[in-house]
Amino acid sequence: MAGFRESKPADGAEPEEPRPRGLDELIGKGGSEKDFPDLADELKGIGDIADLLREIGRERRRFGEDLMRLFEVRWQKEG
């Protein structure tokens, strides 16, 4: 996963603290996976779906690239 670089605001003020990620962002600092197991399971499921969609996109791009290579070879032989 790509990281984000920190920069100061244009007005010279100090940058804000990094935002919390994951479950803490949704339920606050006091909660945890143990406190909200259903929510944690739902978020993991959503993450799994996102991973599947990402992999499907990669496969589709690979298929498209292979198809383009096939046509390039065929056009070069005919020309």
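To be clear, the structure that these remarks concern was listed above.
Residues numbered from 1 in each chain as written. Predicted model: local features only at pLDDT ≥ 70, side-chain atom pairs only at ≥ 80, totals over all residues. Heavy atoms only, no water.

1. Let's talk about the overall build of the chain
Note the threshold: Numbering of helices and strands runs from the N terminus, with a helix taken as a DSSP run of H or I at least four residues long and a strand as a DSSP run of E at least two residues long. Whether a residue is buried, partly exposed or exposed follows from its accessible area with a 1.4 Å probe, protein chains only, as a fraction of its type maximum: under 20%, in between, or over 50%, in that order. Using the Shrake-Rupley algorithm and a 1.4 Å probe, accessible areas are obtained, with residue cover drawn only from the displayed protein chains.
Looking only at helices and strands, the chain features 2 helices and 0 strands. In the chain, which comprises 79 residues, the share counted as buried stands at 4%. Total accessible area on the chain stands at roughly 7800 Å², and carbon and sulfur atoms take up 55% of it.

2. Describing the pattern of salt bridges
Condition: Salt bridges, as used here, are contacts in which a Lys or Arg side-chain nitrogen is within 4 Å of a carboxyl oxygen on Asp or Glu.
Scanning all chains against the criterion turns up 6 salt bridges. With its nearest N and O atoms 3.7 Å apart, the salt bridge here joins Arg-62 to Glu-55. On the accessibility criterion, Glu-55 (32% relative accessible area) is partly exposed. Salt-bridge contacts for Arg-62 lead to Glu-59; the nearest nitrogen and oxygen are separated by 2.3 Å. Taken together, the residues span about one helical turn, with Arg-62 and Glu-59 both in helix H2 (residues 37-78) at a distance of 3 residues. By relative accessible area, which is 38% here, Arg-62 ends up partly exposed. For Glu-59, a relative accessible area of 41% corresponds to the partly exposed category.

3. Quick notes on a nonpolar patch on the surface
Note the cut-off: Surface patches are defined over residues having more than 30% relative accessible area and no salt bridge, joining like charges when they lie within 9 Å and nonpolar side chains (Val, Leu, Ile, Met, Phe, Trp, Tyr) when within 5 Å.
A contiguous nonpolar patch, built from Phe-63, Leu-67, Leu-70, Phe-71 and Trp-75 and spanning about 520 Å² of accessible area, is present on the exposed surface. As for its position among the elements, Trp-75 is in helix H2. Judged by its relative accessible area of 52%, Trp-75 falls in the exposed class.

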